[in-house]
Amino acid sequence: MNEELDSQLSAMFDDELAPEECELLARRLSRDEQLKARWGRYAVVGAAIRSERGVRLNAPLAGLVSAVILAEPALAAAQGARRTGVRWWQPVAAAAVAAGVAAVSVLWLRAQAPLAGAPLSAHLTAPTATAPGAAVVPAAAAGAPDSYVVPRAPAVRAVVPSTELANYVVAHSVFSSPVTRRNLLSAFMTGEAGSAAEEPRDDAQGNVQ
Amino acid sequence: MSADASDLSLVRRVQRGDKGAFDALVLKYQHKLVKLVMRYVRNPAEAEDIAQEAFIKAYRALPQFRGDSAFYTWLYRIAINTAKNAVVSRDRSPIEYDLDRNNEESYDMQGRLKDSETPEGLVLTDEIRSTVNAAIDALPEDLRTAIVLRELEGLSYEEIAAAMACPVGTVRSRIFRAREAIDRRLREVFEGGLGRAEELG
Amino acid sequence: MRRAMSSSERLVALTLAWAVAGAALADERTPAQKMAHESAPAQWLERMNQALTTRNYDGTFSHWHGGRVEMLRIIHRVQDGTVSERLASLDGSGREFIRSGASLTCYLPDQRTVLVEQRPPDESLVGFPALNDQTASFYDIREVSHTRLNRRNTHVITVSPKDEYRYGYRLWIDDSTAMPLKTQLCDTRGHVIEQIVFASLTLSAHIPDSAFKPEVSTAGFKWLRNESAPPALAAATQAWNAMRLPPGFRIAARSAQTLPGSADPVDHLVFTDGLASVSVFVEPQRREQADQPVPESATVGSSSAFSTVIDGHKITAVGEVPPDTVRFIANQLKAQEPPPVGSRRP
């Protein structure tokens, strides 16, 4: 048992180790499974002492995160343009794949926000904030010669007699693709036929109020 | 000591492409993050999922972390946002999955690991906790005081040195030895857990 | 000298190594390879369609549209080649849709009406639009992430339309069962206009027949049925066709049937681009309909309906597409008389 090393590990865990020693130990820690396991157990000891109800002390969380990260491209390849004014960050030349990877990450993060106004097809653009309570703003599709405007809040009245519409919906449902069919029939079952859609109000971060 | 040197040294390694360094950050902060998320979701399994998601988001966003704040502060904010989003996008009914395992066709990581609903998961946690408590009770008083002041009160080595009227080097040594003693007993519990893990395999 | 790993360290290492192996098993390709291999996301859509149509499941889900969320229950079973399905609103309307083989029944307690539609027995039950090469021309299908949703590993697939004739989708497809745990339908600017999320889902080997009985009481309801034997298509003297279609849409089916409550035959044309489909119903305009204003638009959630009159016939288009698409298609319908015998030029 290397006491000095383990003692350093304990100090580093408490953020009480000199920076230059941290650099060296960090490198060892990342590669040494035994050391990492010990480090992990230090965290378990702390959590056990603090006796946090409901927090699992043997959760496979770390392993699961590790597995996901292992499948990702290394961050050094994913870094974009260098930021100025960073004293200690050592930039690495951006790889050609960086832009694509960064954009995918952005889209993924946006996907977590519920019903956010994230552009579905904008895999090349950064997310933009949705104006709160945006009014209907018809936008012509870029490059579409025929003006084919899809208003965001179609204001329609239920004029088609309900029973007749039901007939059409049911007859059509046989020919829908499975996932769109579920949308159609669900909307029909909840009695949404003919109602005008109300817009969700988004705050600036795209969170639904 | 410059604050946060420990985390920053690991963060820098991750930013340069060392994924193993991120494991160390996860291991260190996973319990804290789950506890934080449980302020928003009461279900521990769901909290673990959200915490996992937060760690992954943090990993992907790490290129943008410049050290303006402490790493944990930054991670903490990501976890809160992730938890809030999860709560908002969740619908009124409790979300439970009960997939008939006989029908599952493909290899499923989750099927191998028992999740926290199963008794084994909770029993192991209780075992761990009681083992640690027993080990601490058995410690010589100076070691016990040092580790409790550190882990329960969150005092720095210098603060503990002042409280215990001893040099900082002694504090460091006492905490280290306390951990070693607890770890010896903890390994026995994990050994029992290892046996169980092998049965699941 | 490397000391032997302690058992607890072995546990952590085992967990990590095992998790790595699990990840490796799940996908051996690098992310770059994954992104380059465009058929893979489409394969997930295929698997999803297979799961939705062939597996037995019982679940509750929330349906969000227009600022309202409602809960529904869906039960689906395939047994001996027969599809049984029940979709019921859990709060609010009390409506139910039950399918038993070729018989589709719609319970509408708010209208005290039951519609029973008998489909032709030889109609293929799996006749839904299939993704084809054409589909890729009009949709951009990508897997944008592999993430966990409610403790399940899911593939997030986006289906982005390349024009404004169709909707886009974002799907969270369960890695293990290929069921869509969460579905977002997006308009052409990417705004989510409809969302379905499973709150609970059980895939079981056996679902009893009793699961497909309606809960609503139908005492005093009006029952509308259609004729079980549809009129022969050849009886129609006119063949209706769409003169133009939005890019990517092609005719997929044509049939004649009667609708519940009506004795008149209706031509039913189905157009699809591989993902979205639009039905067009053509029937002679009845006298009592002459007073109704035309054209008319309606929505069924995010789906659209449009009615107009052309040459004395009522044309109604219904589909999971934006309103302007159904309007466009309906307006393109034209009857084509077969040329009279003897008048053909050589």
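Every chain is numbered on its own, with residues counted from 1 as its sequence reads. For this description, chains carry letters from A and ligands carry numbers from 1, given in the order in which they are written. Per-residue local features of the predicted model are confined to residues with pLDDT of at least 70, and side-chain atom pairs are confined, for both listing and counting, to 80 or more; whole-chain, interface and lining totals are unaffected and use all residues.

### A word on the overall build of chain B
Item 1. Helix and strand assignments follow DSSP, with helices taken as H or I runs no shorter than four residues and strands as E runs no shorter than two, numbered in order from the N terminus. Scanning chain B from terminus to terminus reveals nine helices and one strand.
Item 2. Burial is judged by counting other C-beta atoms within 10 Å of a residue's own C-beta: 20 or more means buried, 12 or fewer means exposed, and anything between counts as partly exposed, with every C-beta placed from the backbone. Considering chain B as a whole, with its 201 residues, one finds that 44% of them fall into the buried category.

### Structural notes on the overall build of chain C
Item 1. Counting secondary structure elements, chain C contains five helices and 20 strands.
Item 2. In chain C, the share of contacts with a sequence separation of at least 24, taken over all contacts with a separation of at least 6, comes to 51%. A pair of residues counts as a contact when their C-beta atoms, built from backbone coordinates, are separated by no more than 7 Å.

### With respect to the environment of Asn58 of chain A
Item 1. Turning to its location among the elements, Asn58 of chain A is positioned in the loop between helix H3 (33–50) and helix H4 (61–70).
Item 2. Remark: the alpha-carbon pair of Asn58 of chain A and Arg41 of chain A, spanning 17 residues in sequence, is separated by 9.8 Å.

### Quick word on the confidence of the model for chain B
Item 1. Values of pLDDT, which run from 0 to 100, indicate the predictor's confidence residue by residue. In the predicted model, chain B carries a mean pLDDT of 78, and 76% of its residues have values of at least 70.
Item 2. Across chain B, helix H7 (residues 141–151) of chain B holds the top mean pLDDT of 95, while helix H5 (residues 109–112) of chain B sits lowest at 30.

### Some remarks on helix H1 (residues 3–13) of chain A
Item 1. Those residues of H1 of chain A that sit buried are Gln8, Leu9, Ser10, Ala11, Met12 and Phe13 of chain A.
Item 2. Two residues or fewer past H1 of chain A, Asp15 of chain A is found with a positive phi of approximately 60°.

### Focus: the nonpolar core
Item 1. What we call a nonpolar core is a set of buried Ala, Val, Leu, Ile, Met, Phe, Trp, Tyr and Cys residues whose membership is set by joining through C-beta atoms within 7 Å. Among the nonpolar cores identified, the biggest contains 87 residues, and Val280 and Ala317 of chain C are the most heavily contacted of them.
Item 2. Of all the elements, strand E11 (residues 192–202) of chain C adds the most residues to this core, at seven residues.
Item 3. By size, the runner-up hydrophobic cluster in this structure holds 76 residues, among which are Cys22 of chain A together with Phe22, Ala86 and Ala135 of chain B.

### Thoughts on the sheet that holds strand E19 (residues 313–319) of chain C
The pairing of strands in a sheet comes from backbone hydrogen bonds and takes either a parallel or an antiparallel form.
Item 1. One bridge is not enough; two strands pair if DSSP finds at least two bridges between them. Strand order in the open sheet formed by six strands is E14-E15-E16-E19-E18-E17 (chain C), and the pairing between neighbours is antiparallel. The sheet terminates laterally at strand E14 (250–258) and strand E17 (296–300) of chain C, the two strands that pair on one side only. Geometrically, the sheet is characterised by an average inter-axis angle of 20° between neighbouring strands, direction not taken into account.
Item 2. Strand direction decides the pairing type here: strand E16 (residues 277–284) of chain C and E19 of chain C, joined by seven bridges, are antiparallel. Across the sheet, the residue bridging to Glu283 of chain C is Lys314 of chain C, located in E19 of chain C.
Item 3. The axes used here are C-alpha line fits, helices contributing only the stretch in contact, and every angle between their N-to-C directions lies in the interval 0 to 180 degrees. Packing of helix H7 (residues 162–173) of chain A onto the sheet brings it into contact with E14, strand E15 (265–272), E16, E17, strand E18 (303–310) and E19 of chain C, and relative to E19 of chain C it is tilted by some 55°.

### Some points on unusual backbone geometry
Residue and element names in this part refer to chain C.
Item 1. Positive phi is not limited to glycine here, since Asp80 has a value of about 50°.
Item 2. Note on placement: Asp80 falls in the loop between strand E2 (68–79) and strand E3 (82–89).
Item 3. Residue class for Asp80 comes out exposed when judged on the 5 C-beta atoms lying within 10 Å of it.
Item 4. One non-glycine residue with positive phi stands out, namely Arg112, at about 50°.
Item 5. Relative to the elements of secondary structure, Arg112 occurs in the loop between strand E5 (103–108) and strand E6 (113–118).

### Quick look at helix H2 (residues 19–37) of chain B
Item 1. At Tyr29 of chain B, H2 of chain B shows its largest bend, some 50°.
Item 2. Counting buried positions along H2 of chain B gives 16 out of 19 residues, so the element sits mostly inside the fold. The angle between axes fitted to the seven-residue stretch ending at a residue and the seven-residue stretch beginning at it gives the bend at that residue.

### Here we look at the confidence of the model for chain C
Residues and elements named next belong to chain C.
Item 1. Averaged over all residues, the pLDDT of chain C equals 79, while 76% of them reach at least 70.
Item 2. Of all secondary-structure elements in chain C, the lowest mean pLDDT belongs to helix H2 (residues 31–36), at 40, while strand E4 (residues 96–100) reaches the highest, 94.
Item 3. Low pLDDT, under 50, characterises residues 1–38; the predicted model gives this stretch 51 contacts beyond four residues in sequence or across chains.

### So, the packing of H1 of chain A against helix H2 (residues 19–31) of chain A
Residues and elements named next belong to chain A.
Item 1. Where H1 meets H2, the axes come as close as 11 Å, and the angle between the chain directions of the two elements is 110°. The orientation of H1 relative to H2 falls into the category roughly perpendicular. The hand of the H1/H2 crossing is left-handed. Across the interface between the two elements, Gln8, Leu9 and Met12 of H1 pack against Glu21, Cys22 and Leu25 of H2. Angle categories: roughly parallel below 35 degrees, roughly antiparallel above 145, roughly perpendicular from 65 to 115, and oblique for all the rest. Crossing handedness is read from the near helix: turned anticlockwise from the far helix by less than a right angle, it gives a left-handed crossing, and turned clockwise, a right-handed one.

### Thoughts on the packing of H7 of chain B against helix H8 (residues 157–164) of chain B
Residue and element names in this part refer to chain B.
Item 1. The contact between H7 and H8 brings their axes to 10 Å, and the two run at 135°. Classified by the angle their axes make, H7 and H8 are oblique. Viewed along their axes, H7 and H8 form a crossing whose handedness is right-handed. Contacts between H7 and H8 involve Thr145, Ala146, Leu149 and Arg150 from the former and Ile160, Ala163 and Met164 from the latter.
Item 2. Its residues assigned to classes, the contact of H7 with H8 comprises five nonpolar, one polar and one charged. We call Asp, Glu, Lys and Arg charged. Ala, Val, Leu, Ile, Met, Phe, Trp, Tyr, Cys and Pro are nonpolar, and the rest, Gly among them, are polar.

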